[in-house]
Amino acid sequence: IGTHAVRAELADTPQTLREGLMHRETLPANSGMLFKLGPPDIYCFWMKNTLIPLSIAFIDDQGRIADIQDMQPRSLEPHCPPAPVTMALEMNRGWFTRARIRVGEPVLGIPR
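Values in this document were obtained by computation on a predicted structure and should not be read as measured data.

So, how was this worked out
Residues numbered from 1 in each chain as written. Predicted model: local features only at pLDDT ≥ 70, side-chain atom pairs only at ≥ 80, totals over all residues. Heavy atoms only, no water. Helix = DSSP H or I, 4+ residues; strand = E, 2+ residues; numbered from the N terminus. Rg over C-alpha atoms; globule rule 2.2 N^0.38 Å. Core = buried A, V, L, I, M, F, W, Y, C linked by side-chain atoms within 4.5 Å. Buried < 20%, exposed > 50% of the residue type's maximum accessible area, 1.4 Å probe, protein only. Polar contact = N/O pair within 3.5 Å; in protein donor to acceptor, adjacent residues only side chain to side chain. Contact = heavy atoms within 4.5 Å. Pairing = 2+ DSSP bridges. Axes fitted to C-alpha atoms, helices over the stretch in contact; angles between N-to-C directions. Salt bridge = Lys/Arg side-chain N within 4 Å of Asp/Glu carboxyl O.

Time to look at the overall build of the protein chain. Looking only at helices and strands, the protein chain features two helices and five strands. Each helix and strand of the protein chain, ordered N terminal to C terminal, gives the series β-α-β-β-β-β-α. Computed over the C-alpha atoms, the radius of gyration of the protein chain is 13 Å, within 12% of the 13 Å expected from 2.2 N^0.38 for a compact globule of 112 residues. Considered along the principal axes of its C-alpha atoms, the protein chain spans approximately 30 × 30 × 20 Å.

A few words on the nonpolar core. Grouped together as the largest cluster of nonpolar side chains are 16 residues, with contacts concentrated most on Phe 35, Leu 37, Phe 45, Leu 54 and Ala 88. At the level of secondary structure, the elements contributing two or more residues to this core comprise β2 (31–41), β3 (54–59) and β5 (85–92). Membership of the second largest hydrophobic core comes to 14 residues, among which are Ile 1, Leu 89, Trp 95 and Phe 96.

Here the focus is the side chain of Ser 75. Position of Ser 75 among the secondary structure elements: in the loop between β4 (65–71) and β5. Within the structure, Ser 75 has its side chain in polar contact with the backbone nitrogen of Glu 77 (distance 3.0 Å). What Ser 75 contacts, discounting residues up to four positions off in sequence, is Trp 46, Met 47 and Lys 48.

Quick look at the sheet that holds β4 now. The sheet built from five strands is open, its strands ordered β1-β2-β5-β3-β4 with mixed pairing. If you trace the sheet from one side to the other, it starts and ends with β1 (7–11) and β4, each paired once. Ignoring which end each strand starts from, the neighbouring axes of this sheet average 25° apart. Relative to β4, β3 runs antiparallel, the two being bridged by six bridges.

Here we take up the pairing of β5. Counting buried positions along β5 gives eight out of eight residues, so the element sits mostly inside the fold. When β2 meets β5, the two strands line up antiparallel, connected through six bridges. The partner of Leu 34 across the bridge, within β5, is Leu 89. In the sheet, β3 pairs with β5 via six bridges, with the strands oriented antiparallel. Bridging from a neighbouring strand, Ser 55 pairs with Met 91 of β5.

Right, let's get into unusual backbone geometry. One non-glycine residue, His 23, lies in positive phi territory at about 70°. Structurally, His 23 can be placed in the loop between α1 (14–19) and β2. The phi dihedral of Arg 74 falls on the positive side, at around 60°, and the residue is not glycine.

Right, let's get into the pattern of salt bridges. Under the criterion given, the structure shown has one salt bridge. Arg 24 is the partner of Glu 9 in a salt bridge, and the nearest nitrogen-oxygen pair spans 2.6 Å. Here Glu 9 is found in strand β1, whereas its partner Arg 24 is found in the loop between α1 and β2, with 15 residues between them in sequence.

Here it is in structure tokens:
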């Protein structure tokens, strides 16, 4: 993303999509989880049983970031994109801001 390389685990099965980063106590720097969600739609996330603060980038079917939101640990507050997306990338909270990644930025090298 931009000039930054990210190491992302892939969530693309019902179990990995459901569990995500739940119950983990740490997430290494420049690492995250990429969720392959399916056809373009409004997919919402929450932080139930997620112990670490995260930021989420919602990615559209063109591979561009549609929205970035910060999420609080253990929260049931829904986080939804403003438009249909096909993927989402969760990183340590604030990573996108520190990396100067903004809405509209292309995400390269993602599995299609």
